[in-house]
Amino acid sequence: MRYLGRVCATMLMLAATVCLAQTQHQPKKASKPEPTQLDLFNYVRGKLLALSPSDGINDNLEAAFDQDNYVLTITQPDGRCEIFLGAIDANTAIWEAFDPSDTYHTREDVLRLTMTSLSGRKARICYDNHNLVDTSIATNHVRLLFSMPKANAVPKFTDKMTTAMKKLVALAGGNADKDPI
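Parameters and conventions
Residues numbered from 1 in each chain as written. Predicted model: local features only at pLDDT ≥ 70, side-chain atom pairs only at ≥ 80, totals over all residues. Heavy atoms only, no water. Core = buried A, V, L, I, M, F, W, Y, C linked by side-chain atoms within 4.5 Å. Buried < 20%, exposed > 50% of the residue type's maximum accessible area, 1.4 Å probe, protein only. Helix = DSSP H or I, 4+ residues; strand = E, 2+ residues; numbered from the N terminus. Contact = heavy atoms within 4.5 Å. Polar contact = N/O pair within 3.5 Å; in protein donor to acceptor, adjacent residues only side chain to side chain. Phe/Tyr/Trp six-rings, centres within 6.5 Å; stacked < 30°, edge-to-face > 60°.

Peer 1: Teacher, can you tell me more about the nonpolar core here?
Peer 2: When a protein is soluble and globular, its nonpolar side chains tend to lie buried together. Ile83, Leu85, Ile88, Leu144, Phe146 and Met165 are the most contacted members of the largest nonpolar core, which totals 29 residues. The element best represented in this core is helix 4 (residues 157-171), accounting for 6 residues. Non-local contacts of Met165, meaning those with residues more than four positions away in its chain, are made with Val44, Leu85, Leu113, Met115 and Leu144.

Given below as structure tokens:
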């Protein structure tokens, strides 16, 4: 009986050694690299254009990025806005739905991401179609517009866009996402 016990103990030790050797030699899965600033911009640009409202007023016609100055420029039918990513507080991201319809025109609902500037800084400057500064638009916040029906068709869209914008803001030197309490 002792002989059988020794054989079983030896087999158990051998099996444990083989298992340990196998786990030590298996290559570890490489972690996914963090997206670059250009990767993040391309994601944001793609969604701004693909999920753009198509009402002739809130359409995102083009989006461009100045990597040297961290400026995101969004062109719409009535002009363009330059968004200063380094002046944004990432903790202020808020999503809201609104109806851009007016008395004469019914429009599809728009999903809007709003982010506020850091104290004392301008988050954006907007220009009309004549390249004149539009002083009627507040400079202390940024708004990105998306078609509600199109955005609802993309799984976890708001979570992914919020993450991309917060990372872009952080890379640009804006206030990174953190819990203030």
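That covers the picture; the talk isn't over yet.
Peer 1: Would you mind going over unusual backbone geometry with me for this structure?
Peer 2: If a residue is not glycine, its phi is most likely negative; likewise, a peptide bond is most likely trans. The phi dihedral of Tyr70 is positive, around 60 degrees, even though this residue is not glycine. Note that Tyr70 resides in the loop between strand 1 (62-66) and strand 2 (71-76). Phi at Asn131 takes a positive value of approximately 65 degrees, unusual for a residue other than glycine. Within the secondary structure, Asn131 sits in the loop between strand 6 (124-128) and strand 7 (141-147).

Peer 1: Even after reading the chapter, I still don't get the side chain of Asp89, so can you show me in this structure?
Peer 2: With respect to the secondary-structure elements, Asp89 resides in the loop between strand 3 (79-84) and strand 4 (94-98). Look at Asp89 and you get buried, because its relative accessible area is 16%. Among the polar contacts made by the side chain of Asp89, one reaches the main-chain amide nitrogen of Asn91 at a distance of 3.0 Å. Leave out the neighbours within four places in its chain, and Asp89 touches Met115, Thr116, Ser117, Leu118 and Asn175.

Peer 1: Please explain the packing of aromatic side chains as it appears in this structure.
Peer 2: For any pair of aromatic rings, geometry is given as the distance between the ring centres together with the angle between the planes. Scanning the entire structure with this criterion turns up 4 aromatic pairs. Seen in terms of ring centroids, Trp95 and Phe146 are 5.9 Å apart; in terms of plane orientation they differ by 40 degrees. Their pairing is tilted. Of this pair, Trp95 sits in strand 4 while Phe146 sits in strand 7, and the two are 51 residues apart along the sequence. Between Phe146 and Phe157, the aromatic rings sit 4.9 Å apart at their centres with planes inclined by 75 degrees, giving edge-to-face as the arrangement. With Phe146 in strand 7 and Phe157 in helix 4, the pair connects residues that are 11 residues apart, well separated along the chain. Since its relative accessible area comes to 3%, Phe157 is described here as buried. Taken together, the ring pairs in this structure connect Trp95, Phe146 and Phe157 into an aromatic cluster.

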